[in-house]
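Descriptive structure summary
Single-letter residue listing:
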Amino acid sequence: MTFQQLKYVLAVANCGSINRAAEKMFVSQSGVSSALSDLEKEFNTTLFIRGSGSTGTGLTKDGQHFLKYAKSILDRQEALENFYSSQKNPVKTFSISSQHYQCVCAAYIKFVNQMSGSEYHFTYKECGMDDVIDDVHALRADLGIIITSNLTEDMTNYYLNRRNLSFEAVTTIQPCVFLSKSHPLASEKSLRVDDILKYPYVTFSNNQDTPIDFSEGINKLSLQRNRQSIITNDRAAMVNLLCNSNCVSTGSGFLLENISDGRLISIPLEDSMERMVLGWVKPKSSYLSEDGKLFLEILHSVVDEA
């Protein structure tokens, strides 16, 4: 397998045609076809369905899986080339994948603000827990930030061990209820599960096809089958639902100034029996970079403030 073969795979997948990919890369159609055939023989698989005429060339299921790794490898190749071609003025690179939590976003903003004067190419991605784990495993992310709970812990540990990743805790969090300042329960100092079961319960999931073990929030509540429940994969829609109705949701309770919608509040949930742990994920065999250590130091301080 060569980098050039991977570039051909990416080009054909993007163009939907071997001919168009060859023209775009200024190489012969036969050269691209031969390189792809050699790659398929090497891995004993079929990456593309070869069409004719208007049908074009499409990825097989194996091809779609292969493409994810090809992109990751080519991204790392480009990063290495950029790094070693600019040794006199090295460019900082640092990538984070995280579930959507305000404390992580706030920490990232503070981290970026400390890079004044430096040349850098950073990546900050918000996604579901499964994608966070996949990004760290595929080296698309230097660091992954997730929150586990009683319900997700066993499944999470299983996936982390399979991918040879480690999880380090930052803090244990008491679950809270998110609701609007105008909600009938807004004046309560603390809440119990029974208090919120009669209100529409909103669950956020980045991928609505993802098993419940990898969805966000405190899943025991949704498992209890609230009389009314809503699943959304759009963060803005979830916030608008909470701010403009009697809907409730549950989670970490982090609401930070300049990050949160001012119409929302969070109230401790006393009897959920859930244990939520915010932590970070990295490959077991790798060491934290100086930027990684700095980000985690900032994250700890933001969590303490929150």
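Structural data are supplied above this passage.
As the structure is a prediction and not an experimental result, all values here were calculated from the model. (Residues numbered from 1 in each chain as written. Predicted model: local features only at pLDDT ≥ 70, side-chain atom pairs only at ≥ 80, totals over all residues. Heavy atoms only, no water.)

It is worth spelling out the pattern of salt bridges at this point. Under the counting rule described, the total for this entry stands at five salt bridges. A salt bridge links Arg 163 to Asp 134, with the shortest nitrogen-to-oxygen separation between them at 3.3 Å. Residue Arg 163 is found in the loop between α7 (150–162) and β6 (165–173), and its partner Asp 134 is found in helix α6 (residues 129–137); the two are separated by 29 residues along the sequence. Judged by its relative accessible area of 28%, Asp 134 falls in the partly exposed class. As a salt-bridge pair, Asp 261 and Arg 263 come within 2.8 Å of each other at their nearest N and O atoms. Given the relative accessible area of 25%, Asp 261 is considered partly exposed. Classification of Arg 263 as partly exposed rests on a relative accessible area of 37%. (Salt bridge = Lys/Arg side-chain N within 4 Å of Asp/Glu carboxyl O. Helix = DSSP H or I, 4+ residues; strand = E, 2+ residues; numbered from the N terminus. Buried < 20%, exposed > 50% of the residue type's maximum accessible area, 1.4 Å probe, protein only.)

Quick look at the packing of helix α2 (residues 18–25) against helix α3 (residues 29–43) now. Direction vectors running N to C along α2 and α3 enclose 115°, while the axes themselves pass 8 Å from each other. Between α2 and α3, the crossing angle belongs to the class labelled roughly perpendicular. The handedness of the crossing between α2 and α3 comes out as right-handed. Counted together, Ile 18, Asn 19 and Ala 22 of α2 and Gln 29, Val 32, Ser 33 and Leu 36 of α3 form the full contact between these two elements. Grouping the constituent residues of the contact of α2 with α3 by class yields four nonpolar, three polar and no charged. (Axes fitted to C-alpha atoms, helices over the stretch in contact; angles between N-to-C directions. Parallel < 35°, antiparallel > 145°, perpendicular 65-115°, else oblique. Left-handed = near helix turned anticlockwise from the far one by under 90°. Contact = heavy atoms within 4.5 Å. Nonpolar A, V, L, I, M, F, W, Y, C, P; charged D, E, K, R; others polar.)

Next up on the list: unusual backbone geometry. Positive phi is not limited to glycine here, since Asn 44 has a value of about 50°. Its place among the elements puts Asn 44 in the loop between α3 and β1 (48–50). Asn 44 gets classed as exposed once you look at its relative accessible area, which sits at 72%. With a phi angle near 65°, Leu 139 is a residue other than glycine that sits in the positive phi range. Structurally, Leu 139 can be placed in the loop between α6 and β5 (143–148).

In this fold, Ser 249 is placed in strand β10 (residues 249–251). Taking the C-alpha atoms as reference, Ser 249 lies 5.6 Å from Tyr 201; in sequence the two are 48 residues apart. Here Ser 249 is in contact with Cys 176, Val 177, Phe 178, Tyr 201, Val 202, Met 238 and Leu 242, once residues within four sequence places are set aside. From its side chain, Ser 249 meets the backbone oxygen of Val 202 in a polar contact 2.8 Å long. (Polar contact = N/O pair within 3.5 Å; in protein donor to acceptor, adjacent residues only side chain to side chain.)

Judged by which residues are buried, strand β8 (residues 201–204) turns out to be covered on both faces: Tyr 201 and Thr 203 on one side and Val 202 and Phe 204 on the other are all buried. Pairing of β8 with strand β9 (residues 229–232) involves four bridges; the strand directions are parallel. Paired with Thr 203 across the strands is Ile 231, a residue of β9. (Pairing = 2+ DSSP bridges.)

In this structure, Ser 98 sits in strand β3 (residues 92–98). What makes Ser 98 buried here is its relative accessible area of 0%. Beyond its immediate sequence surroundings of up to four residues, Ser 98 is in contact with Val 104, Lys 125, Glu 126, Cys 127, Val 132 and Ile 145.

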